[in-house]
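Spelled out, the chains give:
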Amino acid sequence: MRNHYFKGEININNQQKDTILTLLKKDKMSGNYTNNYWFSYKDYLNQTDDFTDFCCERLEGKYEYVVLIENLISRDKAAKVFVQVYGLEDGDRVITADTLVIFSKSSLVDIKRIFNESKDIFPSDIGKETDFSTPAFLIGDDGELISSTRLFDDEQSVYYCWWD
């Protein structure tokens, strides 16, 4: 099931861009921020894509985050990692994020150990997600919204990893 949500190439495509821009602009205009939007980390953290900004690192800084995520995935092959988008910047030409959402069989202690290995980009907070009351949607390859409930697996816990 995991591979269904990931493309072979690493890049946010035009359908995904159109969808997220429409959703974020609509939320901004209405002042209603009741939904969370996710991208697979592979789509979002493309080091050559200046449409995405993760923790104030628009281009070259994204690589360090990918290394941490791939360290987790090498230890937990079933892990799924998403980037939660929170807004628009630079005249609505850049989508921003600073939080990873992690589905993993690993313990919170192991997740903390993995994401604190780097001395340069350690997170501000890592924890287990327990409140699922806010609707969340993965922006799929074709720009479709995939409910986060379709991503849950009873054998995995859900964690957040946030940089300030």
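Treat the numbers as computed from the prediction; the structure is a model and nothing was measured.

## Observations concerning the overall build of the chain
(1) Moving on: Summing up its helical and strand segments, the chain has four helices and eight strands in all.
(2) Moving on: Along its sequence from the N terminus, the chain presents helices and strands in the succession α-β-α-β-α-β-β-α-β-β-β-β.
(3) Moving on: Taking 164 residues into account, the globule formula puts the C-alpha radius of gyration at 15 Å, and the chain, at 15 Å, falls close to it.
(4) Moving on: In terms of overall dimensions, the chain has C-alpha extents of about 40 × 35 × 30 Å along its principal axes.
(5) Moving on: Looking at the chain as a whole, 48% of its 164 residues qualify as buried.
(6) Moving on: Sequence separation of 24 or more characterises 69% of the internal contacts of the chain that already satisfy a separation of 6 or more.
(7) Moving on: Carbon and sulfur atoms make up 47% of the accessible area of the chain, which amounts to about 8600 Å² in all.

## A short note on the pattern of salt bridges
(1) Moving on: In total, this model carries three salt bridges according to the counting rule given.
(2) Moving on: With a shortest N-O distance of 3.0 Å, E117 and R75 are connected by a salt bridge. Note that E117 is positioned in the loop between α4 (108–115) and β5 (125–128) and R75 in helix α3 (residues 62–75), a separation of 42 residues in sequence.
(3) Moving on: Assessed through its relative accessible area of 34%, E117 is described here as partly exposed.
(4) Moving on: The shortest N-O distance in the salt bridge between D110 and R113 comes to 2.7 Å. Of this pair, D110 and R113 both sit in helix α4, three residues apart, roughly one helical turn.
(5) Moving on: D110 sits in the partly exposed class, given a relative accessible area of 29%.

## Considerations on the pairing of strand β8 (residues 157–162)
(1) Moving on: Both strand β4 (residues 94–104) and β8 contribute to a ladder of six bridges, which runs antiparallel. By the bridge assignment for β8, S104 is matched with S157.
(2) Moving on: The sheet contact formed by β5 and β8 spans four bridges and is antiparallel. Across the sheet, residue D125 finds its bridge partner in β8, namely W162.

## Things to note about the packing of aromatic side chains
Two descriptors summarise a pair of aromatic rings, namely the distance from one centre to the other and the angle between the planes of the rings.
(1) Moving on: Here the structure, examined in full by the defined rule, presents ten aromatic pairs.
(2) Moving on: With a centroid separation of 5.6 Å and an interplanar angle of 70°, the aromatic rings of F54 and W163 are classed as edge-to-face. You can see F54 sitting in strand β2 (residues 52–54) and its partner W163 sitting in the segment after β8, a full 109 residues away along the chain.
(3) Moving on: Taking the relative accessible area as the measure of exposure, F54 reaches 0% and is therefore buried.
(4) Moving on: With a centroid separation of 5.7 Å and an interplanar angle of 90°, the aromatic rings of F82 and F103 are classed as edge-to-face. Of this pair, F82 sits in strand β3 (residues 80–89) while F103 sits in strand β4, and the two are 21 residues apart along the sequence.
(5) Moving on: Here F82 falls in the buried class, since its relative accessible area comes to 1%.
(6) Moving on: Grouped by ring-pair contacts, the aromatic residues W38, F82, F103, F132 and F152 constitute a single cluster.
(7) Moving on: The ring of F51 has K17 lying over it, and the distance from NZ or CZ to the ring centre is 5.0 Å.
(8) Moving on: Above the face of the F103 ring, K80 is positioned so that its terminal group lies 5.4 Å from the ring centre.

Each value, and the rule that gives it
Residues numbered from 1 in each chain as written. Predicted model: local features only at pLDDT ≥ 70, side-chain atom pairs only at ≥ 80, totals over all residues. Heavy atoms only, no water. Helix = DSSP H or I, 4+ residues; strand = E, 2+ residues; numbered from the N terminus. Rg over C-alpha atoms; globule rule 2.2 N^0.38 Å. Buried < 20%, exposed > 50% of the residue type's maximum accessible area, 1.4 Å probe, protein only. Contact = heavy atoms within 4.5 Å. Areas by Shrake-Rupley, 256 points an atom, 1.4 Å probe, with all protein chains shown as cover. Salt bridge = Lys/Arg side-chain N within 4 Å of Asp/Glu carboxyl O. Pairing = 2+ DSSP bridges. Phe/Tyr/Trp six-rings, centres within 6.5 Å; stacked < 30°, edge-to-face > 60°. Lys NZ or Arg CZ within 6 Å of the ring centre and 35° of its normal.

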